[in-house]
Structures are given as structure tokens and as C-alpha cells.
Amino acid sequence: MSKLVIVGTVAFDAIETPFGKTDKILGGAATFIGLAASHFNVDSSIVSVVGGDFPQEYLDLLSDKKIDISGIEIVKEGKTFFWSGLYHNDMNSRDTLATELNVLADFNPVVPVNYRDAKVVMLGNLHPLVQMSVIEQMAEKPDLIVLDTMNFWMDNALDDLLKVIKKIDVITINDEEARQLTGEYSLVVAARKIHEMGPKYVVIKKGDLLFHNDDVFYAPALPLEEVFDPTGAGDTFAGGFAGYLAGTNDFSFENMKNAVIYGSTLASFCVEKFGTERMMNMTDEEVFDRLKQFKSLTQFEIELS
Ligand code: AMP
């Protein structure tokens, strides 16, 4: 079975949307990535850190999904990373109310020895120096390194982030972040500039746009009846994308199109409930049905003569 190394936050989130509010619940980029990747035939390991306040029950939830957690360090006297966000009525834009790095501030990641030969590495959202350290610990250059990041790290650690971006194959980023990173409004021009920074493939999460030099593929976001809580959609997309590619072991542009569709499909489940709740209970049949919907949504026959 292909191995997938995932680094990112394992966190407490407190979320408020127009539909409701949560206390601290399970969240974090690596959590969503791991849950999405667990849908595929891959052996995933999460590299992260939590504090002594993190419930064993949450770790068990990840183990139950066959995710290796031996790379999640527990700092007994420390507090877990905490993020809090408030969504506006459009359910698209959000304000970050709090980002408390806590144990993440001094985190030195250790990739478990038996995962250092993984062919695919998914660098989830956290400090770029931690992402870099994970790349450096791999025994050989992985076949595919995917990176996800956000405006917080562009604001706080841009130089380190640019060094990581140079070393990766695929970046997944949202439209506003692509504009911030490049200073370009046009996403096509922004993607070209990002190619020049290193990555051969650029995924801009606006719907989902995949760029590879002059090739472009576009998958719309599935029109959903209900969007309850968008938290983690981007990470779920990235986890589905990387998980599918690791499972199929085919890193061609053509196969990346399927990976985009899988990522987008899994993200459509994530947003239906608060936090990780929906991802914990999603079945293979539900995913299959939604992939069929996706296909009929985007397929058309037109005579071009
Ligand atoms: P998304 O909605 O895909 O952007 O991801 C939301 C998740 O990212 C939440 O579960 C948070 O715990 C986590 N998160 C928020 N801010 C950060 C940050 N600065 N670094 C790493 N993870 C973060």
C-alpha cells in the first residue's frame, strides 16, 4: 500500500456560522487531510503536535480511520493549537477571531522512521519551517510533494514559505491567497507567476482550477442544498487530492484532473456539518453517488463541426 506523510495542525476549533456556534471541537488541517485521505487505499501518517489538554478520544477517532498517529507528539504541559472563526452570511468569507499557536510555536516535527520512504508528502497548513523540516527528513526525494498554505503564513513567514514553495510539485491555494502571493489579480497570470516560483502544478481553489503550464482544467464547486460550515473544506480538498494520487500512484496531469474531482467531491461532504462530523460518517456509496452527480453536472455533448 502506498504511504502518505501528512503534516499539519491537529487542533481545537471554535466556529460560528449563521446556523450555529460550537465550543472547542476537533479540527486542524492535518485532521481534515487525514480523514479525506483515509477514503483511499493509502497508509497515511500524521506528523503534528498537541498539548496535554487534547482528549485521547480524538486521537482514537483518527486511529479508528487507520491513520498512523505515532508522529503526533503530545506535549503534556502544553496547550493544543486553537483557532476560532466567524463566517459571514455568504458562508464564503470569514473572520479569524483567534489563532493561538501554543505547542505549535516550538514544534520540531519528527517523521516516523517507517514513513520516511513515502512517495507522497502532503504539507498541510502550518509554519513553513516545519513543512521544510519534513521534506528534509524524507529518505529520498518523494515522487510528489503537495503544499497547502494560507494568508497567515504569507503575512508572518513569507521568506520561509517561498523557500518551501521552491521545493514542491503542487501548491493548493485559494484565489485571494494566490493574488496575495503574486500581486496579480488575474488567476491565470497568478498561476504563471507561481509556476516561476517552483511548483509545476498550481491548484487554485475557486471552484477548482488546475494549471500545468499552458494546460488548464476546471471543476466547479458542486451546487449544494446546504452549506453548514465551510471549515476544513480546503484541507479536505487537499487530502482527497493527495490521497487519490498516492492511491493510484499516477502523477500525470490527466490523473490530477481526477484527483481534483475527488478532492472537490470530498470537500462537498465536509461542509454539510460542523467540523469533522460529516467526514467521520461518510460512506463509500455516498461518495460514489456524488461523483456520479459531479459527472452529469459537467458533461455535455455538443457538435463541433
Ligand atoms: P480551511 O477551512 O480549509 O482553511 O482550514 C481550517 C482549519 O485550519 C481549521 O481546522 C484550523 O484549525 C486550521 N487553521 C487555521 N488557521 C491555521 C494556521 N494559521 N495554521 C495552521 N492551521 C490553521
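All residue numbers refer to position in the chain's written sequence, counted from 1. Local features in this predicted model are restricted to residues whose pLDDT is 70 or higher, and side-chain atom pairs enter the listing and the counts only when it is 80 or higher, whereas totals over whole chains, interfaces and linings include all residues. Here the side-chain values reflect all heavy atoms present in the structure, with hydrogen atoms and water set aside.

1. Examining the overall build of the protein chain
Point 1. To qualify as a helix, a DSSP run of H or I must reach at least 4 residues; to qualify as a strand, a run of E must reach at least 2; elements of each kind are numbered from the N terminus. When you go through the protein chain residue by residue, the secondary structure sums to 11 helices and 14 strands.
Point 2. Whereas a compact globule of 305 residues would reach a radius of gyration of roughly 19 Å, the protein chain reaches 18 Å, a difference of no more than 12%.
Point 3. Dimensions of the protein chain, computed from C-alpha atoms along their principal axes, come out at roughly 70 × 45 × 40 Å.
Point 4. Categorising residues by exposure relies on relative accessible area from a 1.4 Å probe, with only protein chains included: less than 20% of the type maximum marks a residue as buried, more than 50% marks it as exposed, and the intermediate range marks it as partly exposed. Here the protein chain holds 305 residues, and the buried ones make up 55% of them.
Point 5. A fraction of 66% describes how many contacts in the protein chain between residues 6 or more apart in sequence connect residues 24 or more apart.
Point 6. Only the protein chains shown count as cover for residues, with accessible areas throughout obtained via the Shrake-Rupley method and a probe of 1.4 Å. For the protein chain, the accessible surface area stands at approximately 14000 Å², while carbon and sulfur atoms represent 48% of it. Computation of the radius of gyration draws on C-alpha atoms alone. For the globule rule, the value is 2.2 Å times the number of residues to the power 0.38. Throughout, a contact is declared for two residues whenever any of their heavy atoms are within 4.5 Å.

2. Observations regarding the site of the ligand
Point 1. Throughout, the term near means that a residue has one or more heavy atoms lying within 4 Å of the molecule or strand in question. Neighbouring the ligand are 19 residues; Asp13, Gly28, Arg94, Gly232 and Asp235 lie closest to it.
Point 2. The term polar contact refers here to a pair of N or O atoms within 3.5 Å; inside protein, the definition further demands a hydrogen-donor-capable atom paired with an acceptor-capable atom, and it admits residues adjacent in sequence only when both atoms are side-chain atoms. Within the contact set of the ligand, a nitrogen atom lies 3.2 Å away from a side-chain nitrogen or oxygen of tryptophan 153.
Point 3. Within the complex, 94% of the 510 Å² of free accessible area of the ligand lies under protein.
Point 4. Those elements giving two or more residues to the shell around the ligand turn out to be strand E2 (11–17), helix H4 (151–156) and helix H8 (233–248).
Point 5. Of the residues forming the shell around the ligand, the biggest block, three residues, is contributed by H8.
Point 6. Three residue categories are used. Nonpolar comprises Ala, Val, Leu, Ile, Met, Phe, Trp, Tyr, Cys and Pro, charged comprises Asp, Glu, Lys and Arg, and polar comprises the others, including Gly. Here the shell around the ligand is composed, by residue class, of nine nonpolar, seven polar and three charged.

3. Focus: the packing of aromatic side chains
Point 1. Between the rings of Phe, Tyr and Trp (Trp by its six-membered ring), a pair exists once the centres lie within 6.5 Å; its type follows the angle of the planes, with under 30 degrees stacked, over 60 edge-to-face, and the other angles tilted. Scanning the entire structure with this criterion turns up 10 aromatic pairs.
Point 2. On the basis of an interplanar angle of 40° and a centroid distance of 5.6 Å, the ring pair of phenylalanine 12 and phenylalanine 54 is categorised as tilted. Highlighted residues: phenylalanine 12 in strand E2 and phenylalanine 54 in the loop between strand E5 (42–51) and helix H2 (56–64), separated in sequence by 42 residues. In terms of burial, phenylalanine 12 and phenylalanine 54 fall into one category: buried.

4. Some remarks on the pattern of salt bridges
Point 1. Salt bridges are defined by distance alone: a side-chain nitrogen of Lys or Arg within 4 Å of a carboxyl oxygen of Asp or Glu. A full pass over the atoms with the stated rule returns 12 salt bridges.
Point 2. A salt bridge links arginine 179 to aspartate 175, with the shortest nitrogen-to-oxygen separation between them at 3.9 Å. One end of the pair, arginine 179, and the other, aspartate 175, are both in helix H6 (residues 175–182), four residues apart, so they sit about a helical turn from each other. Of the two residues examined, arginine 179 and aspartate 175, each falls in the buried class.
Point 3. Residue aspartate 175 is joined to lysine 206 by a salt bridge in which the shortest nitrogen-to-oxygen separation is 3.7 Å. One end of the pair, aspartate 175, is in helix H6; the other, lysine 206, is in the loop between strand E12 (201–205) and strand E13 (208–212), with 31 residues separating them in the sequence.
Point 4. In this structure lysine 206 comes out as partly exposed when scored by relative accessible area, which is 42%.
Point 5. Among the charged side chains, a network of salt bridges with common partners joins Asp175, Glu176, Arg179 and Lys206.

5. What about the pairing of E5?
In the case of a regular strand, side chains alternate between the two sheet surfaces.
Point 1. Within E5, nine of the 10 residues are buried, which leaves the element mostly enclosed by the surrounding structure.
Point 2. Pairing analysis gives six bridges linking strand E1 (residues 2–7) to E5, with the strands arranged parallel. The residue of E5 that forms the bridge with serine 2 is valine 42.
Point 3. A pair of strands counts as paired when DSSP detects no fewer than two bridges linking them. Inspection of the sheet shows E5 paired to strand E6 (residues 72–75) by four bridges, in the parallel sense. Its bridge partner being in E6, valine 50 is matched across the sheet by isoleucine 74.

6. What to know about the sheet that holds strand E9 (residues 120–123)
Point 1. Reading across the sheet, the nine strands line up as E6-E5-E1-E9-E10-E11-E12-E13-E14 and stay open at both edges, with mixed pairing between neighbours. Lying at the two open borders of the sheet, with one neighbouring strand each, are E6 and strand E14 (215–219). Between one strand axis and the next, the sheet turns through 15° on average, direction left out of account.
Point 2. In this analysis, axes come from line fits to C-alpha atoms, helices being fitted only over the stretch in contact, and the angle between any two N-to-C directions falls in the range 0 to 180 degrees. Strand contacts of H6: strand E11 (170–174) and E12, with the helix running at about 110° to E11, the strand carrying the most contacts.

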